[in-house]
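Here are the chains, one letter per residue:
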Amino acid sequence: MTVASQYGLLAFGLYAAALIGVGLWAREQAKRQDDSNFLLADRNLNFWVGAISANASDMSAWLFLGLPFVLYTQGGIRLWTPIGLLIFMFLSWRLVAAPLRRQTGAYGVSTLSSYLGARLRDSSGILRATGAILTLFFLTPYVGAGLIAVGRYCETLLGLPYHTGCVLGAALVIAYTTAGGLAAVAWVDFVQGMFLLVVIALVPWLAYQALPPDQTIAAAARAKGVSLALLPDWRGATLLQAASLCLGWGVGYFGQPHILDKFMAMRDPDKMRASTLISTAWQLLALGSSAACGLVALAFVQPPPQDPQLVFVDMVQRLFSPMMAAGVLCAVLAATLSSMDSQILVLASVIAHDLAPRLLGGTPKPKQMLWIARGGIVVMSLTALAIAWSESQTIYNLVEFCWMGLGCAFGPVVLLCLYSCFITAPGALAAMLTGGAIGACWSVFDLPLSAPLPGFTAAVVVAYGVSLFDRYRDSRD
């Protein structure tokens, strides 16, 4: 084992102990131990913690590995992706956060699926059950992608076998999530969000300062044949690519349960404006710094790395001593875990609140619900571990599949429920199935548009069409 791996293992151990400590602290702070506190922190997250934890649960290892990689290899055209993410996360706070918090609080519901069922008065329970199944279908592979990232982290930086890394990642998330529930997840994500922000901002600045006077980013980009322009030309295909990158991923924010979950848990919906400003500032700094990593690396990383996906890791190892680099690279782990824990908790919420009552023939008692939720965390973590174990999928492909599927299935319905009185339960059900199917199948076709663009459009058209027919049928009865 190399010196770097030894330092990496030490840093990993200390970091894991700190996360478990935060989880236990959050558990002790809870006024009571029941499912409401466990799954939504008694709707008591303050505007600082809610804002930063929502962002941290969004930004996975993609922030350190994916975005710098595509900018390093493809240039400025790829800046449209973070631009779109920044715009639509802001719109999600402005359009969704406060009304969703108010309505879910008024209905007394804990999951997105149960909100849709209550909002549309679906007495059959089909809408709620379908939403729960779609959440399990798309969100479980998302957790699997996170475990793949942890496995690769341990394999590349710690010298551990890939499968050992996956098991360690699953065990760590299970430990602090089952200890304190959403309160623990939110505080852990807050701490990790601040930590990774400092790291992602520091690395490109130090690398830029270390550039020789005669080495410029523009010259390095020209030598590699990479354009730094947002729009390299004005051809239709280039404009379509920019629009797809900007809108395709960004629109998906409206339907991500692990982000909407944080909105539902906020203490005061009247302070959402402050949370919006904090969230936007954090995301601007994080995405801007991540993009800067990819662009500065064009000149700083010489010779080019064998694997361009690890260009951020290469920069850190060149800038810091092995001991310091081990601590800094824990930020990659932080970004991964802060997405996984929120996703696993949403899966547990769906099992406890949306599926267990139907399977058991009645609503369990609060204490029973708490243990069902904790059991759900373990079961879904092991299911995600099975997905990661086979190594049959790449991180990017899994994340794209899940993000697009969730965004298309839930995004249109959430917006329609919040801002339209016309939509009915059958219309919402048809929209969810249509959007989810397009989001899941779109990657099969080699098309220039991202799935949320056709998925959103089709889901809205289907929602209004089926709702119109449903209202017409009711009027005839």
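This report concerns the structure included in the present document. (Residues numbered from 1 in each chain as written. Predicted model: local features only at pLDDT ≥ 70, side-chain atom pairs only at ≥ 80, totals over all residues. Heavy atoms only, no water.)

## Structural notes on the environment of A384
With respect to the secondary-structure elements, A384 resides in helix α16 (residues 366-389). The class of A384 is buried, set by a relative accessible area of 0%. Each C-alpha atom of the pair A384 and I344 lies 9.3 Å from the other, and the pair is 40 residues apart in sequence. Those residues in contact with A384, other than ones at most four positions away along the chain, are T140, V143, G144 and L147. (Helix = DSSP H or I, 4+ residues; strand = E, 2+ residues; numbered from the N terminus. Buried < 20%, exposed > 50% of the residue type's maximum accessible area, 1.4 Å probe, protein only. Contact = heavy atoms within 4.5 Å.)

## Details of the packing of helix α5 (residues 80-107) against helix α12 (residues 272-300)
Between α5 and α12, the least distance of the axes is 10 Å, while the angle of their chain directions is 160°. As judged from the angle between their axes, α5 and α12 are roughly antiparallel. Considering only the axes of α5 and α12, their crossing is right-handed. Note on element contacts: α12 touches α5 through M272, R273, S275, T276, S279, T280, Q283, L284 and L287, opposite P82, L85, L86, M89, F90, W93, R94, A97, A98 and R101. Counted by class, the contact of α5 with α12 contains 11 nonpolar, five polar and three charged residues. (Axes fitted to C-alpha atoms, helices over the stretch in contact; angles between N-to-C directions. Parallel < 35°, antiparallel > 145°, perpendicular 65-115°, else oblique. Left-handed = near helix turned anticlockwise from the far one by under 90°. Nonpolar A, V, L, I, M, F, W, Y, C, P; charged D, E, K, R; others polar.)

## Some details on the state of the cysteines
Using the criterion set out here, one finds zero disulfides in the structure. Counting only cysteine sulfurs, C408 is the nearest neighbor of C402, a cysteine outside any disulfide, at a range of 12 Å. Here C417 stays unpaired: no disulfide links it, and the sulfur of C421, its closest cysteine neighbor, is 10 Å away. By relative accessible area, which is 1% here, C417 ends up buried. (Disulfide = S-S within 2.5 Å.)

## Points about the packing of aromatic side chains
Evaluation of the coordinates by the stated rule reveals 14 aromatic pairs. Pairing Y107 with Y115 gives two aromatic rings, centres 6.2 Å apart and planes at 50°, and the pair type is tilted. Overall, the relative accessible area of 38% leaves Y107 in the partly exposed class. Using a relative accessible area of 0% as the deciding quantity, one classes Y115 as buried. For the pair W187 and F190, a centre-to-centre distance of 5.8 Å together with 75° between the ring planes defines the contact as edge-to-face. Of the two residues, W187 and F190 are both situated in helix α8 (residues 162-209); the distance of three residues between them amounts to about one turn of the helix. By relative accessible area, which is 28% here, W187 ends up partly exposed. Residue classification places F190 among the buried residues on the basis of a relative accessible area of 19%. Each residue in the set F88, F254 and F456 is aromatic and connected to the rest through ring pairs, giving one cluster. If you follow R152 out to its NZ or CZ, it ends over the ring of Y162, 4.5 Å from the centre. Seen from the ring of F422, R471 lies directly overhead, with NZ or CZ sitting 5.1 Å from the centre. (Phe/Tyr/Trp six-rings, centres within 6.5 Å; stacked < 30°, edge-to-face > 60°. Lys NZ or Arg CZ within 6 Å of the ring centre and 35° of its normal.)

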